[in-house]
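Topology and contacts: notes
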Amino acid sequence: MSQELHLSIADGSLQFICCDDLEPLLGEGQASVNRVSHVEYDNTRQAWFADMSPVGGETLGPYTARSNALKAEHQWLIDNRGL
């Protein structure tokens, strides 16, 4: 999935949504990778959802395609976390 890259520097730490294009940054200094959401298929509701609760957000969805749930997750992180 091609996506726009967003970086944020807070308290001297570089924060970004991890993707293959930015993976080399993980080798620059001490890295810490944290899960900020869960994009999963709900068999009961027959749809994809992006659970943003690990960062204090809501559950986004339903989406018929996983790619749409991933886009919504990414946009939420841009809008709410500046990433």
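Before reading on, note that the structure itself is shown above.
Residues numbered from 1 in each chain as written. Predicted model: local features only at pLDDT ≥ 70, side-chain atom pairs only at ≥ 80, totals over all residues. Heavy atoms only, no water.

Each helix and strand in the chain was counted, giving one helix and five strands. Ordered by position in the sequence, the α and β elements of the chain form the string β-β-β-β-β-α. Residues classed as buried in the chain amount to 29% of the 83 residues present. Across the chain, contacts joining residues at least 24 apart in sequence account for 25% of those joining residues at least 6 apart. With an accessible surface of roughly 5900 Å², the chain has 44% of that area assigned to carbon and sulfur atoms. (Helix = DSSP H or I, 4+ residues; strand = E, 2+ residues; numbered from the N terminus. Buried < 20%, exposed > 50% of the residue type's maximum accessible area, 1.4 Å probe, protein only. Contact = heavy atoms within 4.5 Å. Areas by Shrake-Rupley, 256 points an atom, 1.4 Å probe, with all protein chains shown as cover.)

In this section: the nonpolar core. Residues Val39, Ala50, Met52, Leu60, Trp76 and Leu77 are the most contacted members of the largest nonpolar core, which totals 13 residues. For this core, the secondary-structure elements that each account for two or more residues are strand 4 (47-51) and helix 1 (66-81). The element that contributes the greatest number of residues to this core is helix 1, accounting for five residues. (Core = buried A, V, L, I, M, F, W, Y, C linked by side-chain atoms within 4.5 Å.)

Turning next to the packing of aromatic side chains. If you walk through the whole model with that rule in mind, you get one aromatic pair. Geometrically, the ring pair formed by Tyr41 and Trp48 is edge-to-face, given 5.3 Å between the ring centres and 65° between the ring planes. Looking at Tyr41, the relative accessible area reads 35%, which means it is partly exposed. The ring of Phe49 is capped by Arg45, whose NZ or CZ atom sits 3.9 Å from the centre of that ring. (Phe/Tyr/Trp six-rings, centres within 6.5 Å; stacked < 30°, edge-to-face > 60°. Lys NZ or Arg CZ within 6 Å of the ring centre and 35° of its normal.)

Okay, the pattern of salt bridges next. All chains considered together, the criterion is met by one salt bridge. Asp42 serves as the salt-bridge partner of Arg45, at 3.0 Å between the closest nitrogen and oxygen. Arg45 gets classed as exposed once you look at its relative accessible area, which sits at 53%. (Salt bridge = Lys/Arg side-chain N within 4 Å of Asp/Glu carboxyl O.)

What follows is about the side chain of Ser37. By the secondary structure assignment, Ser37 is in the loop between strand 2 (13-16) and strand 3 (38-42). Here the side chain of Ser37 touches Glu73 through a polar contact of 2.2 Å, side chain to side chain. (Polar contact = N/O pair within 3.5 Å; in protein donor to acceptor, adjacent residues only side chain to side chain.)

The next point concerns the sheet that holds strand 4. A sheet is described by the order of its strands in space; here three strands give the open sequence 3-4-5, paired in antiparallel fashion. Both edges of this open sheet fall to strand 3 and strand 5 (59-63), since each of them pairs with a single strand only. Each strand axis lies, on average, 20° off the axis of its neighbour in the sheet, ignoring direction. Packing of helix 1 onto the sheet brings it into contact with strand 3, strand 4 and strand 5, and relative to strand 5 it is tilted by some 155°. (Pairing = 2+ DSSP bridges. Axes fitted to C-alpha atoms, helices over the stretch in contact; angles between N-to-C directions.)

Quick look at the side chain of Glu73 now. Along the chain, Glu73 falls in helix 1. Here Glu73 sits buried without a salt bridge, and the closest side chain of opposite charge, Arg35, lies 6.5 Å off (N-O distance). With residues near it in sequence (within four places) discarded, Glu73 still touches Ser37, Val39, Ala50, Met52 and Leu60. (Lys, Arg positive; Asp, Glu negative; His and termini not counted.)

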